[in-house]
Every structure is written in C-alpha cells, then in structure tokens.
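# Overview (structure and organization)
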Amino acid sequence: MHPWGKWGRPFLEYGLAAARAALRDADLSWPDVQYVVGADTIRNGYPGFVAGAAYAQALGWSGARVASCYAACASGAQAVDIARTRILAGLCDVALVVGADSTPKGFFRPVGGDRPDDPDWQRFRLLGATNPAYFALYARRRMSLHGTTPADFAAVKVKNALAGSLNPMARYREPVTAERVLSSPMVADPLRLMDICATSDGAAAVVLASESYARRRGVTRPVRLAAVSTVTPTFPHTTLDLPNFATDSSAAVPPPELPFRASIAHAAYEEAGLGPRDLSLAEVYDLSTALELDWMEDIGLCPPGEAEKLLRAGETALGGRVPVNPSGGLASFGEAIPAQAIAQLCELTTQLRGRAGPRQVPRARTGLAVNQGLFGHGSAVITTV
C-alpha cells in the first residue's frame with residue numbers, strides 16, 4: 001500500500017509505490033506479471049479512466065495484457081474479480097491489481113459538466129443531496145428502527161480510531177474519545193464530522209497467482225481468495241441507495257428475502273462454503289459510523305437491531321470475538337475510491353499471515369471484506385488460509 005493522506009501528488013505516483021511494494025512482497029519483478037488490472041479514478045483525467053494501461057506504461061511497457069474497470073467504491077473488488085477470473089480460466093498465472101486516487105478537498109462532488117439525465121448529477125443539482133446527506137438518512141433510519149443513539153455512533157469511531165492508531169498506513173493515527181466525537185461539528189443530522197469518513201489520497205495493490213504458480217515460487221501457506229461476490233440488487237429494491245432518491249415499489253411484488261447489502265455477503269458465503277460463524281475478522285464499509293452497525297447485521301454477525309449489543313460488549317473491537325475494521329476502517333483512512341476495496345484485501349492478507357503487529361487478530365484464518373458502490377455495485381471478498 002501507499003499510506004493514506006492528503007499528499008497533493010498525482011495518483012500514478014501512489015499506484016506505482018503500491019504496485020512495486022506488492023511485487024517486492026511477492027518476490028516478483030514487473031516482467032513476471034502477465035496481466036494487470038487497474039481500478040479507475042474518474043477525477044484524474046484520461047489516465048485515470050484507463051488506469052490499467054496508465055500503470056502498465058508507468059511500470060514500463062512489457063506486453064502484459066491489461067484491463068481497467070470502474071464501479072465506484074466497488075472498483076477495486078471488481079478489478080480483483082477480473083484478474084481472478086482470468087487466472088481461473090487458465091489464461092494467465094500471475095496478475096497485478098492496482099487502485100489509487102488523488103482526491104479534491106472536501107466531500108465528493110459530481111464529475112464536471114451538465115448531465116440532466118444522470119441521477120448522480122440530479123441528486124446534487126435538484127436535491128442538494130451530498131453523500132453525507134444519504135449517510136444521515138441511513139443513520140436516522142437505524143435510530144427509528146432500532147433505537148440507536150448518537151453515543152452508539154460515537155463508540156464506533158472510538159473503536160476504529162484506536163485500531164487505526166496502530167496502522168502505519170492509516171491517515172488518522174490518534175485515538176479519540178466519545179466526548180470529542182459528540183462535540184465535533186454537525187454535518188448532516190444526526191452525523192457529526194467525526195462520524196463521517198474523509199476523502200483521501202492513497203493506493204493499494206495485490207498480486208494474484210494460480211495455486212500451481214505460487215507453489216512453484218515456494219509459497220507453502222498461501223492466502224486464498226475463497227470467494228468474490230459482485231451481485232446486484234433484486235427487484236423490488238426498497239431501501240434507498242446512493243445516488244437514487246426513490247425506491248422500487250413493493251405494491252405488486254414483495255421485497256426479496258435478503259436486502260441488497262445482505263445479499264452481497266450471502267453470495268460470497270455461498271461461493272466459499274462458509275458462514276458468519278467462520279469469520280476471524282471483517283472489514284466493512286464504514287462511510288459513516290452508523291453504516292458500520294448496519295453492515296455488522298448485513299454480514300450476519302447478529303440479527304437486525306443487535307449490532308449495538310456486540311459493539312458495547314467489545315466483541316467487534318481488537319481482542320473481541322470478531323474484530324470489525326481492525327485496519328481502522330475508512331474512519332482512519334478516508335476514501336480513495338479505486339483503492340479501498342483492494343486495501344481491505346491487503347488488511348485481510350496481512351492478518352491471515354499474522355503480520356499485523358499490535359492490531360493482529362489471534363489465530364486469524366478467515367476474513368471477509370464488503371463494500372458498496374453507486375448504482376447497485378457491491379462487493380464481498382472472502383480470504384482463507
């Protein structure tokens with residue numbers, strides 16, 4: 001990885017640093033890579049739109065096959081899925097996946113230009129609905145359904161900030177108190193500034209290989225990709241998702257048994273032949289403190305409405321039964337959109353190798369990472385040793 005922060009440098013510099021670190025970790029050189037996949041960044045000009053080729057050129061044209069993809073916050077996981085699929089098809093043995101971003105100051109805004117038929121443009125221009133406005137709607141929904149309080153949201157931040165303080169790649173490396181969270185400026189009621197993740201520069205990269213290739217390279221205890229889920233919602237989708245401002249009607253067709261976010265993790269469990277009880281740790285998409293509580297239920301750690309009980313009991317903290325966001329999560333990193341799903345995979349790999357230092361989850365054997373992008377893009381990745 002390249003450390004998260006606000007460095008003011010081109011995204012390619014971050015991506016190259018992460019790619020070279022991944023190659024060193026794999027004891028490979030760039031010419032060994034047969035396939036490179038770049039997760040796109042749509043704010044950084046044409047090189048960002050064709051990130052795979054941009055990284056390949058920056059590393060030095062080698063004739064490697066290339067792909068680029070964009071799926072908002074799920075871009076990194078979809079890039080991993082593309083590389084994994086090519087390996088499973090027998091079309092290559094080793095692939096490099098890279099995501100990096102250089103972000104503007106403040107919260108994300110729509111890409112420039114007038115696009116009145118684009119729902120992402122519409123929600124900013126017609127409603128003034130920034131991303132934190134949606135996070136606040138989800139938080140209000142949770143408060144109404146389950147009686148969650150601002151103190152519960154603050155407890156999530158306190159937990160993640162402590163984990164992030166132990167992670168050298170994190171942008172924010174300072175423990176915080178609940179009082180400090182609850183006294184930070186209000187952004188979108190009920191969420192305060194410290195309830196919401198920042199926008200960051202950063203990068204992450206992974207090397208994927210077939211098992212036979214890894215064995216030939218002397219890898220005796222590989223971290224395995226047991227599943228990658230990229231399912232879309234099932235009609236009718238009755239929970240509001242970014243960037244939409246209306247939901248499907250269930251007047252004629254009942255909602256599916258599993259809502260969208262829960263279905264993302266469920267599909268990964270099915271593919272891996274595992275379940276929530278098998279998890280040693282989870283990296284979930286904490287765009288806000290409230291969303292982490294939702295995700296804890298969506299991945300099956302507890303029934304709906306009981307995430308606060310796990311949080312208060314310390315079961316999702318470092319040293320707990322199933323640590324959630326032992327990396328520090330987006331609370332400690334911020335969003336570098338093409339990189340964050342890959343960064344989650346880096347954390348799972350580090351934990352399963354037993355190399356996470358003071359934030360190490362003891363006897364970690366199975367990890368799950370989940371996130372969600374715009375327009376029905378979601379992803380879940382399960383790794384095992």
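Residues numbered from 1 in each chain as written. Predicted model: local features only at pLDDT ≥ 70, side-chain atom pairs only at ≥ 80, totals over all residues. Heavy atoms only, no water.

### Some thoughts on helix α7 (residues 150-164)
For α7, built from 15 residues, the straight-helix expectation of 21 Å at 1.5 Å per residue is met to within 8% by its first-to-last C-alpha distance of 21 Å. Of all the residues in α7, the buried ones are D152, F153, A154, V156, K157, K159, N160, A161, A163 and G164. Of the surrounding elements, those touching the buried residues of α7 are α6 (131-146), α8 (178-182), β6 (191-192), α11 (289-298), α12 (307-312) and α13 (329-333). (Helix = DSSP H or I, 4+ residues; strand = E, 2+ residues; numbered from the N terminus. Expected span 1.5 Å × (residues − 1). Buried < 20%, exposed > 50% of the residue type's maximum accessible area, 1.4 Å probe, protein only. Contact = heavy atoms within 4.5 Å.)

### Thoughts on the sheet that holds strand β2 (residues 35-39)
Strand order in this open sheet of 5 strands is β1-β7-β4-β2-β3, and the pairing throughout is mixed. Both edges of this open sheet fall to β1 (2-5) and β3 (65-69), since each of them pairs with a single strand only. Sheet twist, expressed as the average angle between the axes of neighbouring strands with direction ignored, equals 20°. Packed onto the sheet, helix α3 (residues 51-59) meets β2, β3 and β4 (94-101) and runs at close to 125° relative to β2. Contacts from helix α4 (residues 75-88) reach β2, β3, β4 and β7 (201-209) within the one sheet, and its direction differs from that of β2 by about 165°. (Pairing = 2+ DSSP bridges. Axes fitted to C-alpha atoms, helices over the stretch in contact; angles between N-to-C directions.)

### A few points about the packing of α6 against α11
With their axes 9 Å apart at the nearest point, α6 and α11 run at an angle of 60° to one another. Overall, the two elements α6 and α11 adopt an arrangement that is oblique. The two elements α6 and α11 cross, and the hand of that crossing is left-handed. Contacts between α6 and α11 involve F135, Y138, A139, R142 and H146 from the former and A290, L291, L293, D294 and E297 from the latter. In terms of residue class, the contact of α6 with α11 is made up of 6 nonpolar, 1 polar and 3 charged. (Parallel < 35°, antiparallel > 145°, perpendicular 65-115°, else oblique. Left-handed = near helix turned anticlockwise from the far one by under 90°. Nonpolar A, V, L, I, M, F, W, Y, C, P; charged D, E, K, R; others polar.)

### Digging into α4
Here α4 is 14 residues long and its end C-alpha atoms lie 20 Å apart, about the 20 Å a rise of 1.5 Å per residue gives. With 10 of 14 residues buried, α4 is to be regarded as a mostly interior element. The complete set of buried residues in α4 reads S75, G76, A77, Q78, A79, V80, D81, A83, R84 and I87. Looking at the residues trailing α4, positive phi occurs at G90, about 80°.

### Observations regarding empty space enclosed by the protein
This model, assessed by the stated rule, comprises 3 cavities of 30 Å³ or more. The space that makes up the largest cavity amounts to roughly 130 Å³. Every element with two or more residues in the lining of the largest cavity is listed here: α13 and α14 (337-352). Among the elements that line the lining of the largest cavity, the one with the most residues is α14, at 4 residues. A breakdown of the residues in the lining of the largest cavity according to their chemical character gives 6 nonpolar, 5 polar and 3 charged. Its boundaries defined by the atoms lining it, the second largest cavity holds a volume of some 60 Å³. Taken together, F107, F108, N131, P132, F135, I196, C197, A198, T199 and E335 make up the full set of residues lining the second largest cavity. (1 Å grid on protein atoms, 1.4 Å probe; cavity = no way out; pocket = protein on both sides within 12 Å on 5 of 7 lines; lining within 4 Å. Points joined across faces, edges and corners; volume = space filled by probe spheres on them.)

### Looking at the pattern of salt bridges
Applying the stated rule across the entire model yields 23 salt bridges. Across the pair D120 and R123 runs a salt bridge whose closest N-O atoms are separated by 2.8 Å. Of this pair, D120 and R123 both sit in helix α5 (residues 119-125), separated by 3 residues, roughly a single helical turn. Taken as a pair, D120 and R123 share a single burial class, namely buried. The salt bridge partner of R321 is E315, with a shortest N-O separation of 2.7 Å. On the basis of relative accessibility, which here comes to 26%, the residue E315 falls in the partly exposed class. Here the residues in one salt-bridge network are R142, R261, D294, E297, D298 and E308, joined through shared partners. (Salt bridge = Lys/Arg side-chain N within 4 Å of Asp/Glu carboxyl O.)

### Topic: the side chain of S75
Position of S75 among the secondary structure elements: in helix α4. Judged by its relative accessible area of 0%, S75 falls in the buried class. From its side chain, S75 meets the backbone oxygen of A72 in a polar contact 2.6 Å long. The residues contacting S75, other than those within four sequence positions of it, are A39, D40, C69, Y70 and P338. (Polar contact = N/O pair within 3.5 Å; in protein donor to acceptor, adjacent residues only side chain to side chain.)

### Some thoughts on the environment of Y285
Inspection of the secondary structure assignment puts Y285 in the loop between β9 (281-283) and α11. Separated by 148 residues in sequence, Y285 and L137 place their C-alpha atoms 16 Å apart. Not counting residues up to four positions away in its chain, the partners in contact with Y285 are C73, L291, W295, L330, E335, Q340, Q344, V370, N371 and Q372. At 3.1 Å, the side chain of Y285 forms a polar contact with the side chain of Q340.

### Digging into the nonpolar core
Judged by nonpolar contacts, the single largest core of 46 residues is most densely connected at L191, I299, L301, L368 and V370. Contributing elements (two or more residues each) for this core: α6, α7, α10 (260-272), α11, α12, β10 (366-372) and β11 (378-384). For I299, the contacting residues outside a window of four places in its chain are A265, Y269, P276, A282, V284, L368 and V370. With 28 residues, the next largest nonpolar core counts A67, A204, L208 and I342 among its residues. (Core = buried A, V, L, I, M, F, W, Y, C linked by side-chain atoms within 4.5 Å.)

Scope: geometric values only; no functional claims are made or implied.
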